[in-house]
Amino acid sequence: MSEQRTAWGWGLASIDDAGTTLDVWYPTLQLGEAPAPADRPVHGFGTLVHDDPDARGIRRTPVFTVSDLDAPIRDAADAYLRLHLLSQRLAKPNTINLDGIFAQLANVVWTNYGPFAVETFAQRKIDVESASITAADAFAAQVGLPHAAPTNTVNVFAIDKFPRMIDYVTPTGVRIGDADRVRLGAHLAEGTTVMHAGFVNFNAGTLGVCMIEGRVSQGVVVGDGSDVGGGASIMGTLSGGGKLRNSIGEHSLLGANAGIGISLGDNCVVEAGLYITAGTKITVVDKAKIAAGEPLDVVKGADLSGKNNILFIRNSVTGRIEARYRKTGIELNTKLHKN
């Protein structure tokens, strides 16, 4: 994160007829001290601004937001600014204060027409689709068609507090197989590929070239050259309420359908299907102790958290979980990740 602890920018807010801010889009943001009102740049939203509610019951208005990144989030505009900072790569996960974000974000119906308020969605859906028919009738009459085109259906993508990232930020140098599985506030570094079953939450993501085929939970970061295999999972902090942030270092592999409740250092591998938690009993395989006939150490997973050059496997003969030394890390396919 930059040493500047303030961010600012013009956003375009969608506000429902109850006065609730449903979302704010910030095309660009700046770090550092905000300019005085007389020196602010023009917002440039043009005809996207409308003070009269549309068929969704939404008006769109410019908002100039200044955020103290060390203070708790004060409102929806501030929350959206911080989520944009993460997805625009102006801040890395876990470097800005996100306290209070859930309280400041409204639950929203996300659609192909933009955000709707949940409470009035059924009637507003009718209004929008009716307006589409009217517009189609007018066009049909203008060009001499016998009848209107079919109505433009309102398609619901989700009901959630967080929208899809790519509707607001489209980072360069990445591939995303399924847009629904990357939330606004995800941080995707250049060279990242998120496959169709991959998921990246807000305040989480990658710090370099990575393959994401599993789940990257809130607060988790994955280092350069690492691979989160299909169906794999990394414990986050939202459900458990804890403060520990798990991560994966560089050139490490979390195998298919594996999981971790600890951090992996650099050059580590967790074999497919193996789940390692902080309390998991792990036998440390030491060749010198084996040669000397000495008993091997058995430690908890937490004792190995964040350590480098470890292969975690389940011994197929004894069934015990073992930690073995490995010299080098994995190498991703450079052609595959040249995005």
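Source: prediction; values computed, not measured. Every residue gets a number counted from 1 within its own chain, in the order that chain's sequence is written. In keeping with the predicted nature of the model, local features appear solely for residues at pLDDT of at least 70, side-chain atom pairs appear and are counted solely at 80 or more, and the whole-chain, interface and lining totals rest on all residues. Hydrogens and water molecules were not included; the side-chain quantities draw on all heavy atoms of the structure.

Engineer: Kindly report on the overall build of the protein chain, identifying the contributing residues and their values.
Structural biologist: The secondary structure listing takes helices from DSSP runs of H or I that are at least 4 residues long and strands from runs of E that are at least 2 residues long, numbered from the N terminus. Summing up its helical and strand segments, the protein chain has four helices and 26 strands in all. Whether a residue is buried, partly exposed or exposed follows from its accessible area with a 1.4 Å probe, protein chains only, as a fraction of its type maximum: under 20%, in between, or over 50%, in that order. For the protein chain, buried positions account for 45% of its 339 residues. Working rule for contacts: check all heavy atoms of both residues, and any pair within 4.5 Å makes them a contact. Counting only contacts in the protein chain whose residues sit at least 6 apart along the sequence, the fraction spanning at least 24 positions is 49%. Where accessible areas are quoted, they stem from the Shrake-Rupley method and a 1.4 Å probe; at the residue level, only the protein chains shown are allowed to cover. A total of about 16300 Å² of accessible surface is found on the protein chain, and carbon and sulfur atoms cover 53% of it. His is not counted here, nor are the chain ends, while Lys and Arg score as positive and Asp and Glu score as negative. Charge coordinates come from a single atom per side chain, which is NZ of Lys, CZ of Arg, CG of Asp or CD of Glu. When the 31 basic and 35 acidic side-chain charges of the protein chain are each reduced to a single mean position, those positions are 8 Å apart.

Engineer: Would you mind going over the sheet that holds strand β5 (residues 108–111) in detail, with residue names and values included?
Structural biologist: Two strands are said to pair when DSSP picks up at least two bridges between them. Read from one edge of the open sheet, three strands run β6-β5-β7, paired in antiparallel fashion. Of all strands in the sheet, those with a lone pairing partner are β6 (114–117) and β7 (156–160), marking the two edges. Strand-to-strand, the axes of this sheet are offset by a mean angle of 25°, without reference to chain direction. By the bridge criterion, four bridges tie β5 to β7 in an arrangement that is antiparallel. Its bridge partner being in β7, Val109 is matched across the sheet by Ile159. Throughout, an axis means a line fitted to C-alpha atoms (over the contacting stretch in the case of helices), and angles, computed between N-to-C directions, take values from 0 to 180 degrees.

Engineer: Describe helix α1 (residues 76–87), naming the residues involved and giving the relevant values.
Structural biologist: Taking 1.5 Å of rise per residue, the 12 residues of α1 would be expected to cover 16 Å, and the 17 Å separating its terminal C-alpha atoms lies within 8% of that figure. Burial runs high along α1: 12 of the 12 residues are buried. If you check which residues of α1 are buried, you get Ala76, Ala77, Asp78, Ala79, Tyr80, Leu81, Arg82, Leu83, His84, Leu85, Leu86 and Ser87. The term polar contact refers here to a pair of N or O atoms within 3.5 Å; inside protein, the definition further demands a hydrogen-donor-capable atom paired with an acceptor-capable atom, and it admits residues adjacent in sequence only when both atoms are side-chain atoms. The distance from a side-chain oxygen at the start of α1 to the backbone nitrogen of Ala77 is 3.3 Å, and the residue carrying that oxygen is Asp75. Given the number of residues in a helix, its expected span is that number minus one, multiplied by 1.5 Å.

Engineer: Got a sec to walk through the UniProt feature "binding site: Mg(2+)" (unreviewed entry) in the protein chain? Specific residues and values, please.
Structural biologist: UniProt positions are given in the numbering used here, feature names are shortened, and annotations may be inferred rather than shown by experiment. According to UniProt, the positions carrying the feature "binding site: Mg(2+)" (unreviewed entry) are Asp180. One can find Asp180 in the loop between β8 (175–176) and β9 (186–187). A polar atom in the side chain of Asp180 sits 3.1 Å from the side chain of Arg164.

Engineer: Any details on the pairing of strand β25 (residues 310–314)? Residues and values, ideally.
Structural biologist: Of the pairings in the sheet, the one linking strand β21 (residues 269–270) to β25 comprises two bridges and is parallel in character. Bridge pairing in β25 links Val270 to Phe312. Sheet topology note: the β25/strand β26 (residues 321–325) ladder contains five bridges and is antiparallel. Bridge assignment links Ile310 to a residue of β26, and that residue is Tyr325. Adjacent in sequence and paired antiparallel, β25 and β26 are bridged by six residues, among which Gly319 carries a positive phi angle near 85°.

Engineer: How would you explain the packing of aromatic side chains if you had to name every residue and give the values?
Structural biologist: Here a Phe, Tyr or Trp ring, Trp counted by its six-membered ring, pairs with any other such ring whose centre lies within 6.5 Å, and the pair is stacked when the planes are under 30 degrees apart, edge-to-face when over 60, and tilted otherwise. Following the criterion strictly, the structure yields eight aromatic pairs and no others. Ring centres 6.0 Å apart and planes at 50° place the aromatic pair Trp25 and Phe45 in the tilted group. You can see Trp25 sitting in strand β2 (residues 21–25) and its partner Phe45 sitting in the loop between β3 (30–31) and β4 (59–68), a full 20 residues away along the chain. The exposure class of Trp25 is partly exposed, given its relative accessible area of 27%. Arranged with centres 4.4 Å apart and planes meeting at 15°, the rings of Phe162 and Phe202 form a pair that is stacked. Of this pair, Phe162 sits in the loop between β7 and β8 while Phe202 sits in the loop between β11 (199–200) and β12 (204–206); the two residues are 40 residues apart in sequence, bridging distant segments of the chain. The exposure classification of Phe162 matches that of Phe202, with both residues buried. Each member of the aromatic cluster is reached from another via a ring pair, and the members are Trp8, Trp10 and Phe64. For the cation-ring pair, Arg164 lies above Phe157, with the distance from its terminal atom to the ring centre recorded as 4.5 Å. Whether a charge lies above a ring is judged from NZ of Lys or CZ of Arg, which has to be within 6 Å of the ring centre and within 35 degrees of the ring normal.

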